[in-house]
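Structural overview for review
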Amino acid sequence: MFIFGFSAGLPYSLLLGTLYAWLSDAKVDLETMGVFSLIGLAYAFKFLWSPIVDRVKIPGLHRLGRRKSWLIPAQLLLGVILLTMSILNPQTSIGWFSLLAGLGAFASATQDVVIDAWRVDVADEVATLDMLSTVYQLGYRIAALAGGALALFLADAYSWPLVYALMGVIMIVISVASFFAPDTQAMDSSDGDNVLRMAGQLDPKIRAYGLVIVGVLWTWALIRVGVFMVQSLGSDPELRPDSVAFIQFNGPLIVIATVIIPAIIAAVLEYWRRNGKYVLQTDTKRETTFDAVLDHGYRALVLPLADIMGRLGWAAILVLALILSYRITDNIWGSFAYPFYLGELQYTKSEVAVASKFFGVGMTMLGIALGGISFAYFGRMATLTIGAVTAAASNLLYANLAAGGAAIATFAKVTGFTWLVGLFGADERMAKLMLAITGENLAGGLAGAAFVAYLSSITSKQYSAVQYALLSSLTFLIGTLGRGALGEMIERNGYYQIFLFTAALGVGAIILCLFEWVRTNRNALRNKPPNPAVAD
């Protein structure tokens, strides 16, 4: 799990972060670099092709296992892409460079779908979901440090081509190591499809209506995202579509089309099945190719949602609200962190690099470790709630920093933090920044580990790839869509008021965590087997 966490974090850091430093050194214009950021859409909408990853067998590779048959090719492809990019000059081959970056983001997002599903599949009483999620986060954060700060140092000492060639070799080595990872065997979907034809299951005609609606919506969303990326990466600057407008307008529509409406349809179909409405009275057999396509498509697109709605019932509303709001305090203002540090507070780039990249990453990993300890002593829901509380409270640190940082400075002096960082040449002003980043990153690491474990816990092993990809994509929805409005609010009210506002937003997640905690405890008590001694 640590290796897979590292494998997931490395290409993300290289393609959506460090790559822009290389492009800057190559004197690539800012507009072109802005278009490169659109490859991040592959991560935002990875759930659109997750049913393919979950159900389709790759010829000749399916014997590797259900997940490794997709994971190893994705890792090998990433290694080859990074090696190929290392021999290209972004100044003279920007077209090929952008194509490879986009393909790499697609392969990386696909790898994420597989790894998230693998974590759910292999978890057991020894390697629990909580521990696997914590270890995954540690590997991911170390990869971010390797693909970020370490890559910058190596590029400064040697060259960018050497850095990307080295990272490509690392990905290939990881793909070799993946051969030895445990896995579940590639599933035979025919047995599951036969179940759909048994008495008590929905009539195929009813299933066909639901599948057609869901299939059309998912196909539209996939084509819409694909066309936009092709137009953006392959068009002249004056012909490129507006990425901000696309996210703000199409983002909600895509989520409604691929999550909200299909979830409603799945809930209705599951309700009918459980209540014996529109169901088969006797077993039937598949007779045509259309019957096979119907069964396969229904299992890929509708059943994962039907499973969630069937297991959670009305509680699905609470769960979805929690997923949408849990990380909003971090996600919505994250894009304005550097403008806040550099523009508002007037810290230098070097100071921000030391505080955020080195010290901050260390604090994030410490937060993840604290999350693992909290899992062991307090349990998953307690840790999830603690993460929500600390994430909201960390915004108050930044509010104080925006107002001058008097409270932070006092705390730093009383605790000896100012003296400690002074041993490394930092002054009181730097100590304030580092202390604020300490609070935020400790909270972010703890909340991140808790949230990954929570999402994994509500994901069914039978539909792990599709369900986790859907749920994790929703995590960043509101934050991403709200950044435009938040930027206007910062211009109008300043950072201090905004940090108070984002802290207040976090209160909603805390309340939802408490409700979910009560719900899960009640379910645990309801499903607890009776004590034989009491029965006697």
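Details of the structure are given in the entry above.
1. Notes on the overall build of the chain
Scanning the chain from N- to C-terminus turns up 24 helices and zero strands. Sorting the 536 residues of the chain into buried and exposed places 53% on the buried side. For the chain, the share of sequence-separated contacts (at least 6 apart) that also reach a separation of at least 24 residues comes to 83%.

2. Digging into the side chain of Gln75
Along the chain, the position of Gln75 falls in helix 5 (residues 68–86). Side chain to side chain, Gln75 and Ser7 meet in a polar contact 3.2 Å long. In contact with Gln75, other than residues within four places in its own chain, are Phe4, Ser7, Gln111, Met171, Ile174, Ser175 and Ser178.

3. Quick word on the pattern of salt bridges
If you walk through the whole model with that rule in mind, you get 14 salt bridges. A salt bridge links Asp307 to Arg311; the nearest nitrogen and oxygen atoms lie 2.9 Å apart. Here Arg311 and Asp307 lie together in helix 12 (residues 289–312), a separation of four residues that amounts to about one turn. Take Asp307: its relative accessible area is 17%, and that puts it in the buried class. The network of salt bridges with shared partners includes Asp54, Arg66, Arg67 and Asp121.

4. A word on the packing of aromatic side chains
Considering all chains together, one arrives at 19 aromatic pairs under this definition. Both rings, one in Phe4 and one in Trp118, keep their centres 4.8 Å apart while their planes meet at 75°; by these two values the pair is edge-to-face. Of this pair, Phe4 sits in helix 1 (residues 2–25) while Trp118 is found in helix 6 (residues 94–122), placing the two residues 114 residues apart along the sequence. Aromatic side chains Tyr326 and Phe451 sit 4.8 Å apart centroid to centroid with 10° between the ring planes, which places their arrangement in the stacked category. With Tyr326 in the loop between helix 13 (315–325) and helix 14 (328–331) and Phe451 in helix 20 (residues 428–457), this residue pair connects regions lying 125 residues apart in the sequence.

5. Digging into helix 20
Note that an α-helix has 3.6 residues per turn; residues three or four places apart therefore point the same way. In this model, helix 20 (30 residues) spans 43 Å end to end at C-alpha, consistent with the 44 Å of a helix rising 1.5 Å per residue. Of all 30 residues in helix 20, 25 are buried, a share of seventy percent or more.

6. With respect to unusual backbone geometry
Not every positive phi belongs to a glycine, and Tyr278 is a case in point at roughly 60°. Structurally, the position occupied by Tyr278 is in the loop between helix 11 (243–274) and helix 12. Positive phi values are uncommon outside glycine, yet Gln346 reaches one of about 65°.

7. Remarks on the packing of helix 7 (residues 129–157) against helix 20
Contact geometry for helix 7 and helix 20: axes closest at 8 Å, N-to-C directions at 135°. The orientation of helix 7 relative to helix 20 falls into the category oblique. The way helix 7 lies across helix 20 gives a crossing that is right-handed. The segment helix 7 lies against helix 20, with Leu129, Asp130, Ser133, Thr134 and Gln137 engaging Gly448, Ala449, Val452, Ala453, Ser456 and Ser457. Classifying every residue of the contact of helix 7 with helix 20 by side-chain character gives four nonpolar, six polar and one charged.

8. Some thoughts on the packing of helix 20 against helix 21 (residues 464–475)
The geometry of helix 20 relative to helix 21 is characterised by a closest axis approach of 10 Å and an angle of 140° between their N-to-C directions. Classified by chirality, the crossing of helix 21 by helix 20 is right-handed. Residues Phe451, Val452, Leu455 and Ser456 of helix 20 lie in contact with helix 21, whose contacting residues are Tyr468, Leu471, Ser472 and Thr475. When the residues that make up the contact of helix 20 with helix 21 are grouped by side-chain class, the tally is five nonpolar, three polar and no charged.

9. Describing the nonpolar core
Note on soluble globular proteins: their nonpolar side chains tend to be buried together. Core analysis: the largest hydrophobic core is formed by 120 residues, its most contacted members being Tyr326, Leu384 and Tyr454. A total of 12 residues in this core trace back to one element, the largest contributor, which is helix 6. The contacts of Tyr326, once residues within four sequence positions are left out, are Leu384, Gly387, Ala388, Ala447, Ala450, Phe451, Ala509 and Cys513. Core analysis: the second largest hydrophobic core is formed by 31 residues, Tyr341, Met434, Leu435 and Leu486 among them.

10. Brief notes about the environment of Leu312
Tracing the backbone through its elements, the reader meets Leu312 in helix 12. Relative accessible area serves as the criterion here: at 13%, Leu312 is assigned to the buried category. Leu312 sits 146 residues away from Ile458 along the chain, and the two C-alpha atoms are 9.0 Å apart. Excluding residues that lie within four positions of it along the chain, Leu312 makes contacts with Val319 and Arg519.

11. Some remarks on the environment of Glu516
Turning to its location among the elements, Glu516 is positioned in helix 23 (residues 495–527). Sequence separation between Glu516 and Leu322 is 194 residues, and the spatial gap between their C-alpha atoms is 8.3 Å. In this view, Glu516 contacts Leu318, Val319, Leu322, Met381 and Tyr454; residues no more than four positions away in its chain are not counted.

12. Some points on the side chain of Ser133
Structurally, the position occupied by Ser133 is in helix 7. Judged by relative accessible area, Ser133 falls into the buried class, the value being 0%. Leave out the neighbours within four places in its chain, and Ser133 touches Arg119, Ala449, Val452, Ala453 and Ser456.

13. As for a nonpolar patch on the surface
Together, Ile213, Trp220, Phe249, Leu253, Ile256, Ile260, Ile261, Ile264 and Val268 make up an exposed nonpolar region whose accessible area comes to about 770 Å². For the nonpolar patch, the secondary structure elements donating two or more residues are helix 10 (204–234) and helix 11. With seven residues, helix 11 is the largest single contributor of residues to the nonpolar patch. Summarising the element assignment, Ile213 is placed in helix 10. Here Ile213 falls in the partly exposed class, since its relative accessible area comes to 44%.

14. Considering the environment of Ser356
Note on placement: Ser356 falls in helix 16 (residues 349–378). Note on Ser356: relative accessible area 19%, which makes it buried. Ser356 sits 85 residues away from Asn441 along the chain, and the two C-alpha atoms are 9.0 Å apart.

What counts, and at which threshold
Every chain's residues receive numbers from 1 upward, in the order its sequence appears when written. The predicted nature of this model means local features are confined to residues of pLDDT at least 70 and side-chain atom pairs, given and counted, to a pLDDT of 80 or more, with totals for whole chains, interfaces and linings taken over all residues. Excluding hydrogens and water, the side-chain values take into account all heavy atoms of the structure. Secondary structure counts use DSSP, requiring at least four H or I residues in a row for a helix and at least two E residues in a row for a strand, with both numbered from the N terminus. Each residue is assigned to one of three classes by its accessible area relative to the maximum for its type, calculated with a 1.4 Å probe on protein chains only: buried under 20%, partly exposed between the two thresholds, exposed over 50%. Whether two residues are in contact is decided by their heavy atoms: any pair within 4.5 Å suffices. Polar contact is defined as a pair of N or O atoms within 3.5 Å, subject to the rule that within protein one atom must be able to donate a hydrogen and the other to accept it, and that residues adjacent in sequence are counted only when both atoms are side-chain atoms. By salt bridge we mean one thing: a side-chain nitrogen of Lys or Arg within 4 Å of a carboxyl oxygen of Asp or Glu. Aromatic rings from Phe, Tyr and Trp, taking only the six-membered ring of Trp, are treated as a pair when their centres fall within 6.5 Å; an angle between ring planes under 30 degrees marks them as stacked, one over 60 as edge-to-face, and anything in between as tilted. By this rule the span expected of a helix is its residue count minus one, scaled by 1.5 Å. Angles here are taken between N-to-C directions and fall from 0 to 180 degrees, while the axes themselves are lines fitted to C-alpha atoms, restricted in helices to the stretch in contact. The cut-offs work like this: below 35 degrees is roughly parallel, past 145 is roughly antiparallel, 65 to 115 is roughly perpendicular, and the gaps in between are oblique. What makes a crossing left-handed is the near helix being turned counterclockwise from the far one by less than a right angle; a clockwise turn instead makes it right-handed. Note on residue categories: nonpolar means Ala, Val, Leu, Ile, Met, Phe, Trp, Tyr, Cys or Pro, charged means Asp, Glu, Lys or Arg, and polar means any other residue, Gly included. Remark: nonpolar core denotes a set of buried residues (Ala, Val, Leu, Ile, Met, Phe, Trp, Tyr, Cys) joined through side-chain atoms within 4.5 Å. Residues qualify for a patch when their relative accessible area is over 30% and they have no salt bridge, like charges being joined within 9 Å and the nonpolar side chains of Val, Leu, Ile, Met, Phe, Trp and Tyr within 5 Å. Note that accessible areas follow from Shrake-Rupley with a 1.4 Å probe, and for residues the cover is restricted to the protein chains shown.

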